[in-house]
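Structure assessment
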Amino acid sequence: MPKYDPKVIEEKWQRITEERKPYEPDIDTSKDKVLITVPVIYPTGTLHLGHLYTWTRADMYARFMRMRGFNVLFPQAFHMTGGPMVGLSLRLKNGEEKAVRMMKDQKVSDEDIKKFSEDPVALGLYFSDSYKNEFTKAGISIDWRRLFILSYTPQYSKFLEWQFNTLKKKGLIVQGTHPVIWCPKEETPLGDHDRLSGEGESPEAFSIIKFTVDGYVLPAGTLRPETIFGVSNLWLNSEVKYKKLTMEDGEEWITSEQFSKKIGYMLKNVVKEESFDVHRLIGKNAKNPVDNQAVPIFDAEFVDGDVMTGVVMSVPMHAPFDYYYLHKSNLLEKLPKKPVRVIEVENEDGIVEASIKKFGDGKEGLDEATKYVYKKELSSGLMNSNAGKFANVSVDMARTDVSTMLEGMKVLETMYEPSGEVTCRCGAKGVVKLLENQWFIHYSDRELKDKMISLVEKMNVFPEEVRTQFATAISNLEDKAAARHGGLGTPLPWDKEWLIEPLSDSTIYMAYYTIASIANKMDANELNDDLFDYVFLGEKRADASYPEEAEDMRKEFQYWYPVDMRVTARELLTNHMVFFIANHVAIFTPDNWPKSISINGWLTVNKQKMSKSKGNTYGISDFVERYGADPVRLIGTASDGLDDAEWSTNNTNSVYQKIETLMDLTEILSDFRSESGIVDDYAKSKLNGIIKTATEAYSNMRFRTAVQSSLFESMQLLKEYLDFGGKNGDTLREMILTIIRLNHPVFPFVTEEINSILDGKDMLETYRSWPDFDESSARDVIESEFSVVKNTIDDIRNLIKMLKIKPKEIRVGIAKKDSFELYNKIVSEVKTTRDVNEIRKRVRSNSKIVDKLLKNKSRLPENKLDSDTEMNAFEQAKEYIARIFECEVRIESSEDEKAIPGKPALKIA
RNA sequence: GCAGGGGUAGCGAAGCGGUCAAACGCGUAAGGCUAAGGACCUUAUGGCUCAGGCCUUCGAGGGUUCAAAUCCCUCCUCCUGCACCA
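Calculation rules
- Residues numbered from 1 in each chain as written.
- Chains lettered and ligands numbered in written order.
- Predicted model: local features only at pLDDT ≥ 70, side-chain atom pairs only at ≥ 80, totals over all residues.
- Heavy atoms only, no water.
- Helix = DSSP H or I, 4+ residues; strand = E, 2+ residues; numbered from the N terminus.
- Rg over C-alpha atoms; globule rule 2.2 N^0.38 Å.
- Buried < 20%, exposed > 50% of the residue type's maximum accessible area, 1.4 Å probe, protein only.
- Lys, Arg positive; Asp, Glu negative; His and termini not counted.
- Charge placed at Lys NZ, Arg CZ, Asp CG, Glu CD.
- Pairing = 2+ DSSP bridges.
- Near = heavy atom within 4 Å.
- Polar contact = N/O pair within 3.5 Å; in protein donor to acceptor, adjacent residues only side chain to side chain.
- Nonpolar A, V, L, I, M, F, W, Y, C, P; charged D, E, K, R; others polar.
- Phe/Tyr/Trp six-rings, centres within 6.5 Å; stacked < 30°, edge-to-face > 60°.
- Contact = heavy atoms within 4.5 Å.
- Axes fitted to C-alpha atoms, helices over the stretch in contact; angles between N-to-C directions.
- Parallel < 35°, antiparallel > 145°, perpendicular 65-115°, else oblique.
- Core = buried A, V, L, I, M, F, W, Y, C linked by side-chain atoms within 4.5 Å.
- Expected span 1.5 Å × (residues − 1).
- pLDDT = per-residue confidence, 0-100.

It is worth spelling out the overall build of chain A at this point. Across its full length, chain A carries 30 helices and 34 strands. Rg of the C-alpha trace for chain A: 37 Å, well past the compact-globule value of 29 Å for 909 residues, more than 25% over. Oriented by its inertia axes, the alpha-carbon framework of chain A measures out at about 115 × 75 × 55 Å. Residues classed as buried in chain A amount to 55% of the 909 residues present. Each charge sign in chain A was given a centre, from 123 positive and 143 negative side chains, and these centres are 4 Å apart.

This is the structure in C-alpha cells:
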C-alpha cells in the first residue's frame, strides 16, 4: 500500500516544473489566451493563509483554464509605494519592540533587521524574494519572468508617467483644494493607521456666519445655517480665552484661542493676533447679517472653545441647549423680542421642549435631544414664513440655498473640523488642513462614470451580488487625490515635488505585465510616451523613432490583453477595483477593458480572523511544511461567495484519506477484469453529471461547489461503484482519471503524480486534459433506479431495527410490469397538473397503486422508472445487500399490492 | 448617517415554490479495523413510533398558495464598507 507523502511528490513535481516551465507561456496564436491577475502585494512580512486563500483561487482558475486548452498567463508584481515600507523601516530604526519581534518571528537575522532599518527598499526586496519562494512552494503557477516592483522598477515608472500624462491629456487630472485630517506637529496627513485614536473620523464641514458688533466680526460656527432666521442671541464664554484676529482684508475676528490656532490651516491669513477680553462685548447687541436685527450677546458656560469658533448663535426654538439655558438663566426676558420658530415639523409642535422632557436636561440628555431635533427637522422639516422667501422649502434644500445666499452676501464661509477627536501617534491632536494645489484624478467626471457603469453592466462579476456594489461605489465616486509627499513613489511627470500615491499608481499596471519581460531588459530612457502610445493604443507618430523592441511589445500587448480574470479580497472592492475599472475605461479602447472580476471574503482559521496586528496569522510556509501544499490548498475552496470563509486544519485530514484511496486503487487496477454491467452505466452517468457540475462551478469561480462534486461526490460514487459490485478495469480507470483531473486545479502535485502513473503522460496543463461531459451518456432512469436501491436499503435497515430481529432472508419484490406503466403514466400527468382528482380521472384505474402514489400531494412521483432496470439494479446490488445484512437476499417479481414501482415489497424473515 | 449583505440542525454551510427532517463538510456517540495510531470504515445525531409511519422545525409575527426555509408585508437582530488610507 503506497503511503501518501506530500513532500516527496511535491519536490519531484516542483523540480519538473522548474525544468519545463509550463507557467511561462509565450504567444501562441493557435490558442485562445487567458490573463489572470491578483493585485500587487506589499512585501512587508511573510505570507499568511489569508493570502493563500485569494491566490489559490486565482491559481485554481489558471490551472482549470490551462487544462481546457487555453494559453494562460498568471503574472505577479509587488508594491513598494507609499508609507508601509518606509513606516516599517522607521519602526525598526526606532527599535519598536513589536516590529522587531515580528521580524524575528519571521526568522530575519539581526544583521538584516539592521539593514532594513536603514533601507526600506532592502526590506521590500528581501520579502519579495521570500514571497516568490513561498508562492512557488504552494504551487501557485506564476510566470515570474514578468515580475516588477512598483516604485522600484525604473522601466515601470516610465510606464506610470505615460499613464499620468495620458490622463492629463484627456482632462482627467485636475488641481484643487482638499481637506484632510492633519497632524500639526509632524506636518503630515493623518491616515487611519497613523492615529492613536479617532480611526474613521473625517473632515466635516461647518459654516461660520459673520455677526458684527463694534466693528468686530463675531464668526458664529454652525452646522445649520438655515436657522439664521431664528437667532435670538449669541453666546460667548467669558471663561474661555479669546483672540482678536486681524485678517488680510482688514476684518477683525473675535474667536476662541483654540480656533485661532486652527484657522491657519483653513487657508486664511491672519495678519495680527491679540488677546481680547470678551467682557467688553457681553451684554451688547450684535447685528444679524441676514436681517440686521439686534441680537444680544450673552455669557454661557456651556460654550466650548475647542468646538468650532467659540462663538455660538442661539436658536432656542430649534436647539435644546439654547432653549434650556435661556430659560434657566432668566435671560429670556432680556431678549428684545420673543424667539421665533422657523421650521415646522408635522405633529411636532414644541419639538425642542418635548425632546428635553424626553431625554432630560443634563449634558447627555441635551446632546441626545439635539441629535433628535436635528435629525427630525432635517428629514421632515419645512421652513415657515419667518424664513422669508425660503418659506415652504424643505430644511434639506434650505440649508444649501441659505448658504449660497449668505455666501453671496460675503457673510458665510465654510470651514472644517474633524468629525471626532483624532490623536496622532506622536500624541498631537489632529486638525483639518485644507491642502492646496493638490492633484486629483477626476473620477467624478460624468462621461467617465457612464463608461464605468457600462463596463460593470456587461462584465462578468463573481459573485453576482458584487455588481450592485460596484455600481453604487461608482456613483459615489469622487475625485481622488493622486499625489502626496513622503513615502516611496514615482514623481508626477509635470510636478516632480509630488509623488504618485499608492492607490493611483496601481490601476493599469497589468498592461505592463504583457511587456514586462521585454521592457525590464531595456534602458528606461528608451521607454517614452511615444513608444507607449504605440504599444498600448496603436497610435504611431510619423516623426518619432521607436526602439527595435516596439513591434514585439505591441504584439505581446495585443495578444495578452485585456485582463480576463481579476481575483481579490473584498477589502479592495470599493477602492482598488473601482480605480482599476476607472483607469481602464479612461485610457484603453473597449476591447482592452477587463472581462471578469472575482471577489472573495476574509478567511478565518480555526474560528479566528486573520490579522497581522493580532499576531494570530498562520504563515503559509509553516503549513505547507507540516501538511504539504496540496492538502493546504484546499483552503482555496473554503467558500463560494463573499462571506467570511471558515477553514479548519481538520479539513486536510479527509484529503489525505481520499488521496490514499485513489493511490491504492491505481495500484491494484489490473485486478479488475470483469465485464461491464448496469452499474458501469450508472457510474458513467453519474460521473458525467459530476463533470458537468464541476466544470460549471470552476468556470464561475465557485470552488466550494466544485470541490464538493469533484472530490466528495466523486469519491462517494467510486465507493458506490465498488459496493454495488463494479469490477470493470476500464470503468474504474476512467473514473479515477476523471477524478484526478477534476481535482488537479486544487491539488496540482499529487494529481499530476497519479495521472502520470495511470496515463504515462504529465498534465502540467500543457495539453487539453480537462474531462468533457457528454449529455448523451446521461441515464436518468438508471440513476433513479439506483436511488431506489439505496432508499430500499435504508428501509430494510429501518424495518430490521423496528422488528429487532436478525434476518435470515430478505425478499425484495419488484412490482409487476403494468404497475410501472401506470406509474409512468402518472409521472407524465404530474408534469401537466398537480390536481390529484384530475390525475385520477385521466389515468382511469382502480388499482390501489394509484391511491398510494397520489396519497401525498407534495410527494407525487416525478421520475420515470422501468421494471427491467429496477430488477437489474437490484440484481446488481444483491450481493452488497446480502453483505450488509449478512443474510440471503432474493430479488423477485411480486404480485403483492405493496410492491410499488420505486418501492419494492419487502419480506424480512 | 449613507450604502450593501445576512439570520437554516452542536458548528460551518447548501437549498430560494412541490422527492425538505433539510445536501456536503466538521464535531459528537456507538460499533468495527489495526501491534499501536494523528488515521480509516460503518451506523446514529429534532421528537415520537415495533412493517417501511406520524408530529414539530429553517430569527419573530402576519399574509399569498392546493403547496413556503423558499414569494409578499411588518418587526427584531447581526455583519461589512464609506477614500487620500493600504
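After that view of the structure, there is still more to cover.
This brings us to the pairing of strand β5 (residues 173–183). Bridge analysis of β5 against strand β21 (residues 431–441) gives nine bridges, and the strand direction is antiparallel. Residue Val 174 lies in a different strand from β21, and its bridge partner there is Phe 440. In the sheet, β5 pairs with strand β6 (residues 188–189) via two bridges, with the strands oriented antiparallel. Bridging from a neighbouring strand, Trp 182 pairs with Pro 189 of β6. Where β5 hands over to β6, the hairpin turn is made up of four residues, of which Glu 187 adopts a positive phi near 55°.

Taken together, 47 residues sit near RNA strand B, with Tyr 42, Arg 484, Lys 719, Arg 859 and Asn 863 positioned nearest. Taken together, the sugar and phosphate atoms account for 51% of what RNA strand B places within 4 Å of the protein. For RNA strand B, a phosphate oxygen lies 2.4 Å from a polar atom in the side chain of Arg 484. At a separation of 3.5 Å, a base nitrogen of RNA strand B approaches a polar backbone atom of Ile 908. Of all the secondary-structure elements, those providing two or more residues to the surface near RNA strand B are α3 (83–93), α14 (466–475), β23 (480–481), α18 (573–587), α21 (651–667), α23 (703–723), α26 (780–803) and β34 (905–908). Considered class by class, the residues forming the surface near RNA strand B number 16 nonpolar, 17 polar and 14 charged.

When we look at a pair of aromatic rings, we describe it by the centre distance and by the angle of the planes. Counting across every chain of the model gives 47 aromatic pairs. Ring geometry for Phe 148 versus Tyr 509: centroids 6.4 Å apart, planes at 70°, classification edge-to-face. One end of the pair, Phe 148, is in the loop between α6 (120–137) and β4 (149–150); the other, Tyr 509, is in the loop between β26 (495–500) and α15 (510–519), and 361 residues separate them in sequence. On the basis of relative accessible area, Phe 148 is assigned to the buried category, the value being 1%. Residue class for Tyr 509 comes out buried when judged on its relative accessible area of 0%.

Position of Asn 600 among the secondary structure elements: in strand β28 (residues 596–600). Side-chain polar atoms of Asn 600 contact the side chain of Arg 57, separated by 3.0 Å. Apart from the residues lying within four places of it in its own chain, the contact partners of Asn 600 are Tyr 53, Thr 54, Arg 57, Val 567, Thr 568, Ala 569, Arg 570, Gly 641 and Leu 642.

Spatial ordering of the open sheet is given by β33-β32-β34, a layout of three strands whose pairing is mixed. Each having just a single partner strand, β33 (888–893) and β34 make up the two edges of the open sheet. Sheet twist, expressed as the mean angle between neighbouring strand axes with direction ignored, is 15°. Bridging between strand β32 (residues 809–814) and β34 involves four bridges; their strand directions are antiparallel. For Val 812, the partnering residue across the bridge sits in β34 and is Leu 906. Sheet strands in contact with helix α30 (residues 867–885) are β32 and β33, and its direction is about 170° off that of β33.

Looking now at the sheet that holds strand β1 (residues 33–37). The strand order across the open sheet built from five strands is β2-β1-β27-β28-β22, with neighbouring strands paired in parallel fashion. If you trace the sheet from one side to the other, it starts and ends with β2 (71–73) and β22 (460–462), each paired once. Each neighbouring strand pair of the sheet contributes to a mean axis angle of 15°, computed without reference to strand direction.

What follows covers the packing of helix α22 (residues 678–699) against α26. Between α22 and α26, the shortest axis-to-axis distance is 9 Å and the interhelical angle comes to 110°. With respect to each other, α22 and α26 are oriented roughly perpendicular. Residue-level inspection shows Ile 678, Val 679, Asp 681, Tyr 682, Ser 685 and Lys 686 of α22 in contact with α26, the latter providing Ile 782, Glu 783, Phe 786 and Lys 790. Among the residues making up the contact of α22 with α26, the classes are represented as five nonpolar, one polar and four charged.

A few words on the nonpolar core. Among the nonpolar cores identified, the biggest contains 141 residues, and Ile 36, Tyr 61 and Phe 74 are the most heavily contacted of them. No other element matches helix α2 (residues 49–67), which puts 11 residues into this core. Leaving out residues up to four positions away in the same chain, Phe 74 has contacts with Ile 36, Val 38, Trp 55, Ala 58, Asp 59, Ala 62, Arg 66, Ile 140, Ser 141, Ile 142 and Asp 143.

Each neighbour pair has its own omega, and for Phe 462 with Pro 463 the value is -10°, a cis peptide bond. On the secondary structure map, Pro 463 appears in the loop between β22 and α14. Cis peptide bonds are those with omega within 30 degrees of zero, and the linkage from Tyr 561 to Pro 562 qualifies with 5°. Counting through the fold element by element, Pro 562 comes out in the loop between α17 (550–560) and β27 (565–569).

So, about helix α25 (residues 748–759). Note on helix geometry: an α-helix contains 3.6 residues per turn, so any two residues three or four positions apart are oriented the same way. Here α25 is 12 residues long and its end C-alpha atoms lie 16 Å apart, about the 16 Å a rise of 1.5 Å per residue gives. Among the 12 residues of α25, 10 are classified as buried, and the element is accordingly described as predominantly covered. Turning to α25, its buried residues number three or more, namely Pro 748, Phe 749, Val 750, Thr 751, Glu 752, Glu 753, Ile 754, Asn 755, Ser 756 and Leu 758. Looking one or two places after α25, you find Gly 760, whose phi comes out positive at around 75°.

When two helices pack together, you describe them by how their axes are tilted relative to each other and by the distance separating the axes. It is at 10 Å that the axes of helix α13 (residues 446–458) and α14 come closest, and there the two elements cross at 180°. As the angle between them shows, α13 and α14 are arranged roughly antiparallel. For the pair α13 and α14, the contacting residues are Lys 449, Met 452, Ile 453, Val 456, Glu 457 and Lys 458 in the first and Arg 467, Phe 470, Ala 471, Ile 474 and Ser 475 in the second. Here the contact of α13 with α14 is built from residues that sort into six nonpolar, one polar and four charged.

Turning our attention to the confidence of the model for chain A. Predicted confidence across chain A gives a mean pLDDT of 87, with 97% of residues reaching 70 or more. Overall fold confidence (pTM) sits at 0.86, and the ipTM for the predicted complex is 0.87.

This part covers the environment of Gly 388. Its location among the elements puts Gly 388 in the loop between β18 (381–383) and α12 (395–408). Relative accessible area serves as the criterion here: at 44%, Gly 388 is assigned to the partly exposed category. C-alpha of Gly 388 to C-alpha of Asn 728: the two residues are 340 residues apart in sequence and 94 Å apart in space.

It is worth spelling out the environment of Ile 297 at this point. Mapping Ile 297 onto the fold places it in strand β15 (residues 294–299). The contact partners of Ile 297, leaving out residues within four places of it in the chain, are Val 213, Leu 218, Leu 234, Leu 236, Leu 281, Ile 282, Gly 283, Lys 284 and Ala 286.

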